[in-house]
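Each chain, letter by letter, is given below.
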Amino acid sequence: MMENTEIAKVLRDVGTLLEIDGANPFRVRAYENAARTVEPHAVPMRTMVESGAKLTDLPGIGKEMASHIQELVTTGALRVLQDLTREVPYTLVEMVRLPGVGPKRANKLWRELGVETIDQLEAAAKAGAVESLAGFGKKTQERIVRGIASLKKRAGRFRLAHADQLVEPLVEYMRTHEGVRRIEVAGSYRRRMETVGDIDLLVIARDPQPVMDHFTAYERVKKIELASGTSARVMLQSGLQVNLRVLPPASYGAALQYFTGSQAHNVKLRRRAVARGLRVSEDGVFRVPEGEDPDAEDVLSGERVAGASEEDVYAALELAWIPPELREDRGEVEAAAGGKLPELVTLDHMRGDLQMHSTWSDGHDGIDAMVKGCVERGYEYLALTDHSKSLAMTGGLDAEALREQWREIDEVQAAHPEIRILKSQEIDILRDGSLDLADEMIEQLDVVLVSIHSLFDLPAAQQTNRILAAIRHPAVHILAHPTGRLINEREPYQFDLEEVLCCCKENGVAVELNAHPSRLDLKDTQLMRARELGVKIVISTDAHRVRDLDLMHYGVEQARRAWLAPADVLNTRPLQELLGSLET
Ligand SMILES: [Zn+2]
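Conventions used here
Residues numbered from 1 in each chain as written. Predicted model: local features only at pLDDT ≥ 70, side-chain atom pairs only at ≥ 80, totals over all residues. Heavy atoms only, no water. Axes fitted to C-alpha atoms, helices over the stretch in contact; angles between N-to-C directions. Helix = DSSP H or I, 4+ residues; strand = E, 2+ residues; numbered from the N terminus. Left-handed = near helix turned anticlockwise from the far one by under 90°. Contact = heavy atoms within 4.5 Å. Nonpolar A, V, L, I, M, F, W, Y, C, P; charged D, E, K, R; others polar. Core = buried A, V, L, I, M, F, W, Y, C linked by side-chain atoms within 4.5 Å. Buried < 20%, exposed > 50% of the residue type's maximum accessible area, 1.4 Å probe, protein only. Domains from an automatic or database assignment. Buried area = accessible area lost by both parts, 1.4 Å probe. Salt bridge = Lys/Arg side-chain N within 4 Å of Asp/Glu carboxyl O. Polar contact = N/O pair within 3.5 Å; in protein donor to acceptor, adjacent residues only side chain to side chain.

Draft legend 1. View of the packing of helix α1 (residues 4-20) against helix α5 (residues 79-87). Across the interface, α1 lies against α5 with an axial gap of 10 Å and an inter-helix angle of 35°. Judged by the sense of rotation from one axis to the other, the crossing of α1 with α5 is left-handed. Contacts from V10, V14, L17 and L18 of α1 reach α5 at V80, L81, L84 and T85. Among the residues forming the contact of α1 with α5, the class breakdown is seven nonpolar, one polar and no charged.

Next comes the structure, spelled out in structure tokens:
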């Protein structure tokens, strides 16, 4: 059974292979466009196909793409792809995404060096064979080697939002079994890390076997790797590994605590336990019998003092319950011991969204729809931040188009007095740090966002200066997606973040936590640093369609990992207060 993301991936892969093969660009783009429509679509393609919905009504889906989707849904495969991979090695798809490669170069590497896989490319690059190819050179070769290293580092990790798409239906399916009394996902997923390696599912059930059988019978299981007693491990079709543990009620809290981690956090707890003559394990917290070494691996357990709930486990160690997002051994155990855990920001605190795009640039929905979406989410305000003109590919707005857009905003505003539409723009920072919009227009904006969308490869010093120049512009309020990274796709550009943060602080410019799950930029540790320096922070979705407004929770989760309180986040404040704090 294929999910939309998987269908999109196949379509995108066909497009990439065609491009490597030198096919007609229009044909290539047709696949890319179709993938872009399918991936975020609210309704699963299989449901649409089953209900006989007209796929060609979707944007970017012509007859050919519709029949491909149909074929994928009904057979799980695509003949076009099979034919194509008889000529072009499928493994080149992965290679194309490496920095410094791309379709043309992948073709060259394959035809001229016989390189088909990443491993072969790494060997060739390290042997110096790549730089001698026409159009490559030493710099490109070095970039490829670095790119492969970072690819290997993240191999097998799923973006959190992708994991959500895979885990949510599985949990729902598990709940349909009458034997399942309680179910929880632990691990890095519960800590809301930006990527997760595997999934730990914990279940309370009286009788484990039927629950285990139900689990391994899940239709998206590709392979059962282990199933015995009270635990099982499977690989889903997506490649995600899921571990199941069936537990008795008495040790559920201890297991939840133990399997949520992180490892560093648990080590801290164990030490704390030892100091109190206790032993904490996945089964519970136990008083160590007199004369036993509590630190020994094979210690006999004495009286159980906690284990049914997480709260009990922490209480037994004289700690307040610690929110999972904080469990990284970054001072949370000490804070819990001293009654100094921070009040963390929640989704309910958010009063507005300060980055979104409409059909005026590269968004999929009109201003009216975006505004209604924000009203429905209970917001008091939103900033409409369509791109500036240098981003021609996104339909960025010049001054004239911007004035026209303002007229429409005024109309929509008049119809929606319940929310304030802030006139804004995501203004491109140009090569020299100047802004892609005339000052007289910038002055009329309510919120001024600046960001980088080009020249990611400038030397670090030049990149830093470029950003600093933009921050120093007196009208600028927010630096959007400050590092430019795309999780699992693109490394941040090279620049001095510390200097940029200090400059933001000096100039009263806020940094964005871009909530889009492919960005989450700044990331947790960087946000902690920003907060430490007293830099203001906003959380925005960068929505390109109404539904993207729901991505806010990813930003909030990341903010919680960074210990942010509502007071640290400007868009938890009422409108007037927000505007006041942007100006100072
Ligand atoms: Zn942007």
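Draft legend 2. Molecular detail of the nonpolar core. V450, L479 and I539 are the most contacted members of the largest nonpolar core, which totals 62 residues. Filtering out sequence-adjacent residues up to four positions away, I539 remains in contact with M350, G352, L513, A515, M552, G555, V556, A559, V569 and N571. In this structure, L78, V88, I148 and L151 belong to the second largest nonpolar core, which totals 49 residues.

Draft legend 3. Spatial organisation of the domain arrangement of the protein chain. Domain parsing of the protein chain yields domain 1 (4-154), domain 2 (158-247), domain 3 (254-337) and domain 4 (347-583). The gap between the C-alpha centroids of domain 2 and domain 3 is 24 Å. Each partner contributes residues to the interface: domain 2 has 12 residues there, and domain 3 has 12 residues. Of the roughly 940 Å² buried at the junction of domain 2 and domain 3 (both faces included), carbon and sulfur atoms supply 61%. When the buried area of domain 2 at its contact with domain 3 is split by residue, R190, R191 and L202 rank highest and sum to 61% of it. Viewed at the interface, domain 3 and domain 2 are joined by two salt bridges. Residue R191 pairs with E328 through a salt bridge whose shortest N-O separation is 2.8 Å. The tally of links from domain 2 across to domain 3 stands at five residue pairs in polar contact (both at pLDDT 80 or more). Here the side of domain 2 that touches domain 3 takes three residues from helix α11 (residues 187-190), the largest share from any one element. Of the residues that constitute the side of domain 2 that touches domain 3, the class distribution is four nonpolar, two polar and six charged.

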